[in-house]
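The lines below spell out each chain.
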Amino acid sequence: MLYRKELLGDASPLSLKYTSSMEDDKLIACEVLEVMEAYVEELKDLRAVPEDSANRILRELENLIAEPGKLFHIEAEDVHEAIEIYLKEKLGGEAGYVGLGRSRNDHVAAALRLKTSRLLLKLLRSIAGFRRVLLSRASMSVNVLIPLYTHSQPAQLSTLAHYLLYLDEMLSDYSSLLVKTLDTTARSPLGCGPAAGVMTPLDRARMASKLFGGRIVSNCLYASGGREFSLNVLALVSSLLVSLSRVAGDFILFSLPHIGYFKLPASHLATSSIMPHKVNPVTMEIVRAKAGSVLGRFISIASIVKGLPSGYSLDLQEANKPVVEALIEAIETLEVLRDAIENIEVNAGAVERDIRIYPLLASDIAELIALEAGKPFREAHAELAKLVKEAENTEKLYSEIREAYNISLDPKNTVKRPVTGSPSPENVKSHIEKALKNIEEFEVELSTYSFLEKSRC
Ligand code: ARG
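Not measured: the values here are computed from a predicted model. (Residues numbered from 1 in each chain as written. Predicted model: local features only at pLDDT ≥ 70, side-chain atom pairs only at ≥ 80, totals over all residues. Heavy atoms only, no water.)

Draft legend 1. A look at the packing of aromatic side chains. Enumeration according to the criterion identifies 9 aromatic pairs in this entry. Where Tyr-163 meets Tyr-166, the ring centres are 5.5 Å apart and the plane angle is 65°; that geometry is what we call edge-to-face. Note that Tyr-163 and Tyr-166 are positioned in helix H8 (residues 160-185) at a spacing of 3 residues, about one turn of the helix. (Phe/Tyr/Trp six-rings, centres within 6.5 Å; stacked < 30°, edge-to-face > 60°. Helix = DSSP H or I, 4+ residues; strand = E, 2+ residues; numbered from the N terminus.)

Draft legend 2. Structural view of the pattern of salt bridges. Per the stated rule, a full pass over the model turns up 29 salt bridges. A salt bridge links Glu-37 to Arg-456, with the shortest nitrogen-to-oxygen separation between them at 2.4 Å. One end of the pair, Glu-37, is in helix H4 (residues 29-45); the other, Arg-456, is in the segment after helix H19 (425-447), and 419 residues separate them in sequence. Accessibility expressed as a relative area gives 5% for Glu-37, which makes it buried. Taking the relative accessible area as the measure of exposure, Arg-456 reaches 39% and is therefore partly exposed. In this structure, the salt-bridge partner of Glu-77 is Arg-104, at a minimum N-O distance of 2.9 Å. Of the two residues, Glu-77 is situated in the loop between helix H5 (51-66) and helix H6 (79-91) and Arg-104 in helix H7 (residues 104-139); the sequence distance between them amounts to 27 residues. Through salt bridges with shared partners, a single network forms among Glu-31, Glu-34, Glu-37, Glu-62, Lys-115, Arg-118 and Arg-456. (Salt bridge = Lys/Arg side-chain N within 4 Å of Asp/Glu carboxyl O. Buried < 20%, exposed > 50% of the residue type's maximum accessible area, 1.4 Å probe, protein only.)

Draft legend 3. Region of the structure containing the nonpolar core. Residues Leu-123, Val-237 and Phe-251 are the most contacted members of the largest nonpolar core, which totals 135 residues. No other element matches the 16 residues that H7 contributes to this core. When near neighbours in sequence (up to four residues on either side) are disregarded, Leu-123 contacts Leu-178, Val-237, Leu-240, Leu-327, Ala-330, Ile-331 and Leu-334. (Core = buried A, V, L, I, M, F, W, Y, C linked by side-chain atoms within 4.5 Å. Contact = heavy atoms within 4.5 Å.)

Draft legend 4. Representation of the pairing of strand S1 (residues 145-150) within the structure. Taken together, the 6 bridges between S1 and strand S2 (residues 153-159) define a ladder with antiparallel strand orientation. Bridge pairing in S2 places Thr-150 opposite Gln-153. Taking the residues that link successive antiparallel strands as the turn, the S1-S2 hairpin has 2 residues, and the phi of His-151 there is positive, at about 50°. (Pairing = 2+ DSSP bridges.)

Draft legend 5. Expanded view of the environment of Arg-118. Secondary-structure assignment places Arg-118 in helix H7. Given a relative accessible area of 11%, Arg-118 falls into the buried group. Taking the C-alpha atoms as reference points, Arg-118 and Pro-68, separated by 50 residues in sequence, lie 18 Å from one another.

Structural data, given as structure tokens:
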């Protein structure tokens, strides 16, 4: 114990175990060390610490960055105290220079922003890669028919390309929202002290130059005590996972044996320990569940922060782990889903079967009848509903329609609906072209954050 000894004496094992963040700090230890290193360099530049002492301290920090595990044998309130204890063991009294103008409040905020920004950048890059996979698969699936469902009932005929582009547009929207949170998160709180700045004349922008590209959080109360970045990032990341869980839901539904439009690759399936026939869509089940656990982490952070007076409180310590874990899980989830989409097969036979069984073209036909005869759609809709009710099967239904209205639709042509956003090949082509350009521009925007990739962690 380093900090409390003089004032309060040693901590009781019970309360130390309860309040120490050492276990959770493993997730951010390397970033804490990188932040500390930038800080000591600033003290050295300011000549607030003798150069030799600063160099010795920096050398020890360098060793720790290579092996942060060394810190976790130390009994301490947190990794910040453990670093000071370690330095004191190695260097004696001169290690005490690192305490000048430094609060754990600005240091943990800096490490957490750094970790969050790095993971967020990784997530954004993997979304861009995912989008490229979607677009390339879509360009090969312009004519691959699949039924779309509404209310979990067969609804309209579409194509795999159209389905994949739905996902692409959704990911494009998430990208533009998430990159805004990267802008507000990738800023340095370092040098702000506990709540209102410090007397040491630290150059905050200079300190931010290495790790945060020179970007800083301006106000010190906000910098040291705010966790809006965690809230904002997780609000979006949990929404993203909720959206992706619907895709997992689609894959599970469409690969049910009695539907069977999709065949998931074997690597995404598992077997049953007792039922020899079972193939279970396990990766998609976990994707579906991860949306719940990531959402839970968002709720944890929001509940911890809610009503907390402004300025740092130890409550915030409990909000460190959820943001890191949620981002790691989101990155893994994207990877798994991307792999599934790259390798999923469409069973054309199952699709043809359902085109024969269900009148998936009924709404298209009703529209054409109304348009061609110039009659109110409601009338055409009612007439068709009657035919649907009376026809023995879909084949007979279509032949009655042909007789009564001289309309006969071929499934492949039906999907060429004229409105923007339909599965028509022109729409698909123009979406792909625009999306490719959009991804390129987005990747250029991401490259402005490449300072986050110079991590030694
Ligand atoms: N372990 C703390 C955290 O992760 C560091 C900040 C502690 N600050 C303090 N004044 N006790 O949030």
